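What follows is each chain in one-letter form.
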Amino acid sequence: MPTNKPLVLVLGATGVTGQSIVDGLLKSGNFRVETLIRSQSVTKPAVERMRTSGVEIRVGDITEDYEKLKEHLQGVDILISAVDARVVGQQREIFRAAKEVGVQRIVPCDWATPGDKRGVRVLTDVKFDIREYVKELGVAYTIIDVGFWMQFFLPLPLRSTVPPELKAISWSFYGGGESKNLLTNLHHIGIWVARIITDPRTINKSVIIWEDEVLQKDAHELGARLSGDGDALRAKRIELSEDDMKKQIADGQVLYDKDPMDFKLSTPLIWAQYMYSMHFLHENTLENAERLGYLDARKLYPDIPAQSLEEYAKEFYGLPEPGVVFARE
């Protein structure tokens with residue numbers, strides 16, 4: 001049956017952010033939703049779930065030649081990218097093809113914490129380059145950042161069975177926990193995106209999605225209280241200073257330089273740089289986002305309920321394995 005609903009193509013739909021976006025678009029009922037899936041991924045359970053829910057699957061890869069990319073984009077009204085961090089820098093050709101075939105709006109892969117300083121986060125620098133490229137193309141775009149996931153901001157309970165190194169990351173306590181951070185439940189991202197991508201106010205703008213803004217020390221106190229672990233969890237805190245983080249960044253750079261495309265080698269640097277940005281440069285705040293010119297999604301869409309970290313924490317500590325997102329790779 002013919003429909004006038006805009007067709008949205010999502011890149012990186014099998015990732016956790018991509019899945020949230022697809023779910024939110026479907027839930028809204030306002031879009032035809034399709035995804036571009038690599039041939040080696042079409043049998044993944046996540047792809048089958050999308051297909052069952054009514055998502056059309058296009059088989060292809062953003063690294064294919066230009067003419068093939070144009071074929072993949074036929075009929076697309078809005079292109080949303082949530083690609084893997086390792087291929088963020090390879091988005092240019094599909095965006096160029098999108099402009100040529102008449103895609104009306106592009107949302108490049110951002111989905112992180114705000115900031116404007118180059119040389120702080122290697123991944124963010126690549127995203128800055130892509131933003132500049134999209135602006136030079138002259139196609140309508142929207143930049144969307146989401147702060148930090150609530151799923152990563154709470155300390156894992158003692159009962160978690162994820163690897164010890166992941167537990168240690170969640171128990172890390174930066175600069176005495178005094179940093180305030182914007183937070184969003186990963187699973188809610190798509191709800192906000194469904195509103196943003198058809199809003200004329202967000203064309204050629206940056207938007208910050210956030211549901212709560214919390215000091216790290218308050219998040220860890222929530223964890224101690226709601227996990228039931230109390231002082232035993234407090235005792236697991238790993239105090240890290242600014243100098244400690246600078247050393248982690250230096251050590252991470254050595255690994256990263258061996259092979260930036262290797263997930264295990266690149267993650268230590270990327271993570272340490274994000275922690276430094278959030279907890280010592282204080283970039284992930286509403287004040288900073290507004291200073292940078294971001295539109296506030298909560299002001300744009302006051303009818304969308306925003307979940308507090310405490311509300312989410314009650315869900316988090318009730319999960320069979322709260323570290324399921326942490327251990328996804």
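The structure reproduced in this document is the subject of the present report. Keep in mind that what you see is a predicted model, and the values were worked out from it rather than measured. (Residues numbered from 1 in each chain as written. Predicted model: local features only at pLDDT ≥ 70, side-chain atom pairs only at ≥ 80, totals over all residues. Heavy atoms only, no water.)

**Side note on the environment of Lys5**
When you line up the elements, Lys5 lands in the segment before strand 1 (7-11). At 2.8 Å, the side chain of Lys5 and the backbone oxygen of Gly29 are in polar contact. (Helix = DSSP H or I, 4+ residues; strand = E, 2+ residues; numbered from the N terminus. Polar contact = N/O pair within 3.5 Å; in protein donor to acceptor, adjacent residues only side chain to side chain.)

**Things to note about the nonpolar core**
Ranked by internal contacts, the top residues of the largest apolar core, which has 97 residues, are Leu25, Leu79, Ile80 and Trp111. Here this core gets eight residues from one element, more than from any other, and that element is helix 12 (residues 263-279). Dropping the residues within four chain positions of it, Leu79 is found in contact with Leu9, Leu11, Leu73, Ile94, Phe95, Ala98, Val103, Arg105, Ile106 and Val107. In this structure, Leu182, Ile208, Leu286 and Tyr294 belong to the second largest nonpolar core, which totals six residues. (Core = buried A, V, L, I, M, F, W, Y, C linked by side-chain atoms within 4.5 Å. Buried < 20%, exposed > 50% of the residue type's maximum accessible area, 1.4 Å probe, protein only. Contact = heavy atoms within 4.5 Å.)

**Re the side chain of Ser206**
Mapping Ser206 onto the fold places it in strand 10 (residues 205-208). Every residue in contact with Ser206, bar those within four places of it in the chain, is listed here: Ile143, Gly293, Tyr294 and Leu295.

**As for empty space enclosed by the protein**
Over the atoms rolls a probe the size of a water molecule, and its path tells where empty space is left. Under the definition given, this model contains two cavities of 30 Å³ or more. Of the volumes computed, that of the largest cavity is approximately 90 Å³. Considering the residues around the largest cavity, the lining is formed by 13 residues, among which Phe152, Ile169, Ser170, Tyr174 and Gln216 are closest to the centre. Mapped onto the lining of the largest cavity, the elements with two or more residues apiece are helix 6 (150-153), helix 7 (164-170), strand 8 (172-174), helix 9 (216-226) and helix 12. Looking at the lining of the largest cavity element by element, the count peaks at three residues for helix 12. Residue classes in the lining of the largest cavity are distributed as eight nonpolar, five polar and no charged. One number sums up the size of the second largest cavity: a volume of about 50 Å³. Along its surface, the second largest cavity is lined by Asp110, Ala112, Thr113, Gly115, Thr124, Lys127, Phe128, Arg131, Asp145, Tyr274 and Tyr294. Broken down by element, the residue count for the lining of the second largest cavity peaks at four residues, all from helix 5 (residues 122-137). Along the lines of polarity and charge, the residues of the lining of the second largest cavity split into four nonpolar, three polar and four charged. (1 Å grid on protein atoms, 1.4 Å probe; cavity = no way out; pocket = protein on both sides within 12 Å on 5 of 7 lines; lining within 4 Å. Points joined across faces, edges and corners; volume = space filled by probe spheres on them. Nonpolar A, V, L, I, M, F, W, Y, C, P; charged D, E, K, R; others polar.)

**With respect to the packing of helix 5 against helix 12**
One way to put it is that helix 5 packs onto helix 12 with a least axis distance of 8 Å and a crossing angle of 85°. As the angle between them shows, helix 5 and helix 12 are arranged roughly perpendicular. Contact residues: helix 5 offers Val122, Leu123, Thr124 and Lys127, while helix 12 offers Leu269, Ile270, Gln273 and Tyr274. Tallied by class, residues from the contact of helix 5 with helix 12 come to five nonpolar, two polar and one charged. (Axes fitted to C-alpha atoms, helices over the stretch in contact; angles between N-to-C directions. Parallel < 35°, antiparallel > 145°, perpendicular 65-115°, else oblique.)

**Let's talk about the pairing of strand 10**
Taken together, the four bridges between strand 6 (residues 142-145) and strand 10 define a ladder with parallel strand orientation. Bridge pairing links Ile144 to Val207 in strand 10. Where strand 10 and strand 13 (residues 295-296) come together, two bridges link them in parallel fashion. Residue pairing across strands places Val207 opposite Leu295, the latter belonging to strand 13. (Pairing = 2+ DSSP bridges.)

**Concerning the environment of Thr124**
Within the secondary structure, Thr124 sits in helix 5. For the pair Thr124 and Ile37, spaced 87 residues apart in sequence, the C-alpha separation works out to 24 Å.

**A few points about the sheet that holds strand 5 (residues 105-107)**
Taking strand neighbours across the sheet as the criterion, the five strands line up as 3-2-1-4-5 in an open arrangement whose pairing is parallel. At either end of the open sheet lies a strand with only one pairing partner, and these are strand 3 (56-59) and strand 5. Looking at each pair of strands side by side, their axes are set apart by 20° on average, direction ignored. Inspection of the sheet shows strand 4 (residues 78-81) paired to strand 5 by three bridges, in the parallel sense. Paired with Leu79 across the two strands is Ile106, which belongs to strand 5. In this fold helix 4 (residues 92-101) packs onto strand 1, strand 2 (32-37), strand 4 and strand 5, with an angle of close to 170° to the strand it touches most, strand 4.

All quantities given are derived from atomic positions and should not be read as evidence of function.
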